[in-house]
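# Structure assessment
One-letter residues, chain by chain:
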Amino acid sequence: MSLGFASMFIFGAMYSVQPILPMFTEEFNVKVSYSSMAMSLTTCGLIIGLVVLGFFSDRIGRTIFVKISLVGSLLPFILMPLTESFGWIIFLRFVQGFLLAGVPSTALAYISEEINKKFISVATALYISCNALGGMIGRVVTGYATEHFSWEKAFYILAASGVFVFILVLFALPKSRNFQPQEASLREDLEGFTYHLKNPSLLLMFGLGIVLQLSFNGIWTYIPFHLTEEPFLLSIDAVSNLFFAYGLGVIGSPLASWLASKIGQRKVLITGVLVLSVGVLFTMSSSV
């Protein structure tokens, strides 16, 4: 439960700025491409953090990085409202993205080491569902709070929720009992990484993940700009309602896991790609 809450906060923090990017454009008088860097640089920081923090978690432990990630992720929400420079906001978002990686880089390893093998698939599906739920809550809360108060107060609300989750993890997350520290060098880790890049089947999966995440993240990042302009002219409050659709991922992950065991992973993957593609095409409509 505590790991699920940690994941919810991490992904809520990561995607929290998406509904308010148009407001950043107006308030700081920056271009759309520059405003969107508050999301894209966070993703870059996350990618770097996954590699770096994942390496150290294999040698130091799992739970310590979950706690560091939570504290490090909530601090930028306190600092960003204090600056009048959008450049500093982007920098803090990059740092936040790096620190956010502490949870996803260790969570699945922690689950595989500490959960009974009979329930690993269920636990993994529930963890991924928490990711989706957190992404939805972060967007909706930020959008609603910004519309009714300000984006600064929205960030303070997220920081307060981060403190609550940290306290919960501090007392509720069980210590690692089966963790075995690795002694491999960084060079050996990199060799293992490049070994996987030589596997055509894995390259296909990596490529699929990159393409799907690019299209998925791109749509959610730019659709607020699209809907706050002609012919829609929606408020940020109204745009935030759109992110409730993201909540389908809460049931989508366990459902996909169950279907994969019945009809096979290949069919589930193909169906998922087709559904996503059709959904993207629907966004070209002029009807909300």
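Refer to the structure above for everything that follows.
Only a predicted model underlies this, so the values are computations on that prediction, with no experimental measurement involved. (Residues numbered from 1 in each chain as written. Predicted model: local features only at pLDDT ≥ 70, side-chain atom pairs only at ≥ 80, totals over all residues. Heavy atoms only, no water.)

### A closer look at the nonpolar core
The line we're drawing: Nonpolar core, defined: a set of buried Ala, Val, Leu, Ile, Met, Phe, Trp, Tyr and Cys residues in which side-chain atoms within 4.5 Å join the residues together. Throughout this description, buried means an accessible area under 20% of the type-specific maximum (1.4 Å probe, protein chains only), exposed means over 50%, and partly exposed covers the range between. A run of DSSP states H or I qualifies as a helix once it reaches four residues; a run of E qualifies as a strand once it reaches two. Both are numbered from the N-terminal end. Any pair of residues with heavy atoms lying within 4.5 Å of one another is described as a contacting pair.
Core analysis: the largest hydrophobic core is formed by 55 residues, its most contacted members being F24 and F155. Tallying contributions element by element places helix α1 (residues 2-15) first for this core, with eight residues. The residues contacting F24, other than those within four sequence positions of it, are V17, N29, V30, S35, F86, W151 and F155.

### As for the pattern of salt bridges
Using the following cut-off: One side-chain nitrogen of Lys or Arg within 4 Å of one carboxyl oxygen of Asp or Glu is enough to make a salt bridge.
One pass over the full model with this rule turns up two salt bridges. The partner of R62 in a salt bridge is D58, and the shortest N-O contact between them spans 2.8 Å. Of the two residues, R62 and D58, neither departs from the other in class, the shared state being buried. Close ionic contact of R62 with E113 constitutes a salt bridge, the shortest N to O distance being 2.7 Å. With R62 in the loop between α4 (37-60) and α5 (63-79) and E113 in helix α7 (residues 104-114), the pair connects residues that are 51 residues apart, well separated along the chain. E113 shares its class with R62; the two are buried.

### Here's the deal with the layout of surface pockets
Here is the rule: Lining residues are those with an atom within 4 Å of a point, where the points come from a 1 Å grid over the protein atoms alone and group into cavities, where a 1.4 Å probe fits but cannot get out, or pockets, open sets with protein on both sides within 12 Å along at least five of seven lines. Grid points are joined across faces, edges and corners, and a volume is the space filled by probe spheres set on the points. Nonpolar residues are Ala, Val, Leu, Ile, Met, Phe, Trp, Tyr, Cys and Pro. Charged residues are Asp, Glu, Lys and Arg, and all others, Gly as well, are polar.
In this model, the second largest pocket occupies a volume close to 350 Å³. Taken together, 16 residues make up the lining of the second largest pocket; nearest its centre are M1, L3, G4, I111 and I115. Looking at the lining of the second largest pocket, the elements with two or more residues in it are α1, α7 and α8 (120-148). The biggest single contributor to the lining of the second largest pocket is α8, with four residues. Grouping the amino acids of the lining of the second largest pocket by side-chain chemistry returns twelve nonpolar, two polar and two charged.

### Things to note about unusual backbone geometry
Look at the link from E230 to P231: it is a cis peptide, with omega at 0°. Along the chain, P231 turns up in the loop between α11 (200-227) and α12 (236-242). For N29, which is not glycine, the phi torsion reads 55° and is therefore positive. On the secondary structure map, N29 appears in the loop between α2 (21-27) and α3 (32-35).

### A few points about the packing of α4 against helix α6 (residues 86-100)
The test is simple: Here an angle of 0 to 180 degrees is reported between the N-to-C directions of two axes, which are lines fitted to C-alpha atoms, with helices fitted over the stretch in contact. An angle below 35 degrees is treated as roughly parallel, one above 145 as roughly antiparallel, one from 65 to 115 as roughly perpendicular, and anything else as oblique. Less than a right angle of anticlockwise turn of the near helix away from the far helix marks a crossing as left-handed, whereas a clockwise turn marks it as right-handed.
The N-to-C vectors of α4 and α6 enclose an angle of 30°; their axes lie 6 Å apart at closest approach. With respect to α6, the axis of α4 lies roughly parallel. The handedness of the crossing between α4 and α6 comes out as right-handed. Every residue of α6 that contacts α4 at M37, A38, M39, L41, T42, C44, G45, L46, I48, G49, V52 and L53 is listed here: F86, I90, R93, F94, G97, F98, L99 and L100. Residues of the contact of α4 with α6, tallied by class, amount to 15 nonpolar, four polar and one charged.

### Regarding empty space enclosed by the protein
Within the structure shown, the criterion is met by one cavity of 30 Å³ or more. What the largest cavity holds in volume is close to 30 Å³. L3, R62, T63, V66, T106, A107, Y110 and L173 are the residues that line the largest cavity. Those elements that place two or more of their residues in the lining of the largest cavity are α5 and α7. When residues of the lining of the largest cavity are assigned to their parent elements, the largest contribution, three residues, is made by α7. Of the residues belonging to the lining of the largest cavity, the class tally is five nonpolar, two polar and one charged.

### Quick look at the environment of N178
By the secondary structure assignment, N178 is in the loop between α9 (151-172) and α10 (186-196). Accessibility expressed as a relative area gives 43% for N178, which makes it partly exposed. For the pair N178 and V103, spaced 75 residues apart in sequence, the C-alpha to C-alpha distance is 18 Å. Leave out the neighbours within four places in its chain, and N178 touches E113 and E114.

### Comments concerning the packing of aromatic side chains
Selection rule: Centres within 6.5 Å are what make two rings of Phe, Tyr or Trp a pair, Trp counting through its six-membered ring; a difference in plane orientation under 30 degrees is then read as stacked, over 60 as edge-to-face, and the rest as tilted.
Applying the stated criterion to the full structure yields 13 aromatic pairs. When the centroid spacing of 6.1 Å and the interplanar angle of 55° are considered together, the rings of F28 and W151 count as tilted. Within this pair, whereas F28 is found in the loop between α2 and α3, its partner W151 is found in helix α9, the two being separated by 123 residues in sequence. What makes F28 buried here is its relative accessible area of 17%. Overall, W151 belongs to the buried group, its relative accessible area being 1%. Taking the centre distance of 5.6 Å and the plane angle of 85° together, the rings of W88 and F91 count as edge-to-face. Taken together, the residues W88 and F91, both in helix α6 and three residues apart, mark about one turn of the helix. Residue F91 is classed as partly exposed on the basis of its relative accessible area of 45%.

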